[in-house]
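Below, each chain spelled out in residue letters.
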Amino acid sequence: LVLLVGAGLSGALAAQWRYWTIERPFRTQRVAPFVLGPEAERALGPGDVFRECDGACPEMVVVPAGSFVMGDEQERDATSLPRHRVTIARPFAVGRTEVTFEQYELCIEQGGCGPWIRQYRVVALSGRKPVVPLYRDDMLEYLRWLSETTGRPYRLLTSAEWEYGARAGTTTTYPWGDEMRLGA
């Protein structure tokens with residue numbers, strides 16, 4: 001009984017130690033000065049870029065509200081939706097790039113993400129390169145950590161938001177034109 005109680009206390013003490021020595025200083029020095037207040041957020045316009053912590057957080061770009069035609073006019077397979085108009089009622093922000101190894105590593109260091117990704121961190125796949133492989137649950141773990149750290153909501157884009165952002169105002173079959181391109 002004494003060992004179990006002692007183990008429980010040491011876990012709680014370790015969590016407190018981690019908070020006061022790692023998490024709180026990080027949030028105070030590297031996050032809090034960068035989180036946008038309500039006025040600064042309202043002042044953002046389409047194409048504006050911001051970060052809610054120092055260089056280790058994703059750089060975000062504002063996408064305006066609007067509408068577009070989504071779907072495949074030829075409905076090539078069972079997963080294709082017929083063309084339909086989609087309205088994005090409010091502006092939203094999206095990461096300018098994929099999450100990088102550098103950003104994900106910070107989540108690991110702060111205790112928000114599991115360390116499994118370190119086994120894939122090799123010279124060719126590190127730093128500012130996109131973190132791969134990254135599975136949905138791992139991305140959700142990262143987004144949860146980012147939301148808790150900044151106090152702002154982060155989530156995955158919907159299919160409509162992703163296509164709207166990728167199209168960037170184009171009306172062609174594909175964001176790059178009407179012809180499918182294979183390879184580079």
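Residues numbered from 1 in each chain as written. Predicted model: local features only at pLDDT ≥ 70, side-chain atom pairs only at ≥ 80, totals over all residues. Heavy atoms only, no water.

Draft legend 1. Up close: the state of the cysteines. Throughout the structure, instances matching the rule amount to two disulfides. Between cysteine 53 and cysteine 57 runs a disulfide, and the two sulfur atoms are separated by 1.6 Å. On the sign convention where negative is left-handed, the bridge of cysteine 53 and cysteine 57, at about 115° about the S-S bond, is right-handed. Comparing cysteine 53 with cysteine 57, the two get one shared label, buried. Through a disulfide, cysteine 107 is tied to cysteine 113; the S-S separation comes to 1.9 Å. Between cysteine 107 and cysteine 113, the disulfide has an S-S torsion of 80° and is therefore right-handed. Note on cysteine 107: relative accessible area 0%, which makes it buried. Cysteine 113 gets classed as buried once you look at its relative accessible area, which sits at 6%. Shown here for the chain is a disulfide pattern of 1-2, 3-4, where each number marks a bonded cysteine counted in sequence order. (Disulfide = S-S within 2.5 Å. Buried < 20%, exposed > 50% of the residue type's maximum accessible area, 1.4 Å probe, protein only.)

Draft legend 2. Structural view of helix α5 (residues 159-167). Within α5, burial applies to Ala160, Glu161, Glu163, Tyr164 and Arg167. In an axial view of α5, the angular spread of the buried residues amounts to 170°, which keeps them on one side of the axis. Away from its buried face by more than 90 degrees, α5 exposes Ser159 and Trp162. Among the structural elements, β2 (60-63), β3 (66-70), β4 (84-88) and β5 (92-95) are those in contact with the buried residues of α5. (Helix = DSSP H or I, 4+ residues; strand = E, 2+ residues; numbered from the N terminus. Arc of directions from axis to C-beta. Contact = heavy atoms within 4.5 Å.)

Draft legend 3. Local environment of the pattern of salt bridges. Taken as a whole, this structure holds eight salt bridges when the rule is applied. Note that arginine 152 and glutamate 52 form a salt bridge whose closest N and O atoms lie 3.6 Å from each other. Placement of arginine 152 in the loop between α4 (136-150) and α5 and of glutamate 52 in the loop between β1 (49-50) and β2 is noted, with a sequence separation of 100 residues between them. Overall, the relative accessible area of 24% leaves arginine 152 in the partly exposed class. Salt-bridge contacts for glutamate 161 lead to arginine 155; the nearest nitrogen and oxygen are separated by 2.7 Å. The exposure class of glutamate 161 is buried, given its relative accessible area of 10%. Salt bridges sharing common partners tie together Glu41, Glu52 and Arg152. (Salt bridge = Lys/Arg side-chain N within 4 Å of Asp/Glu carboxyl O.)

Draft legend 4. Structural view of unusual backbone geometry. The phi angle at alanine 168 is positive, at roughly 50°, despite the residue not being glycine. Mapped onto the elements, alanine 168 comes out in the segment after α5.

Draft legend 5. Expanded view of the pairing of β2. Burial of the side chains of β2 extends over both faces: Met60 and Val62 are buried on one face and Val61 and Val63 on the other. Bridge count between β1 and β2: two bridges; the pairing is antiparallel. Looking at β2, one finds that valine 49 is bridged to valine 61. As paired strands, β2 and β5 are joined by four bridges and run antiparallel to one another. Directly across from valine 62, in β5, lies its bridge partner alanine 93. (Pairing = 2+ DSSP bridges.)

Draft legend 6. Examining the environment of arginine 155 more closely. Tracing the backbone through its elements, the reader meets arginine 155 in the loop between α4 and α5. Arginine 155 sits 13 residues away from tyrosine 142 along the chain, and the two C-alpha atoms are 9.6 Å apart. Here arginine 155 is in contact with Leu143 and Glu161, once residues within four sequence places are set aside. In this structure the side chain of arginine 155 is engaged in a polar contact, spanning 2.7 Å, whose partner is the side chain of glutamate 161. (Polar contact = N/O pair within 3.5 Å; in protein donor to acceptor, adjacent residues only side chain to side chain.)

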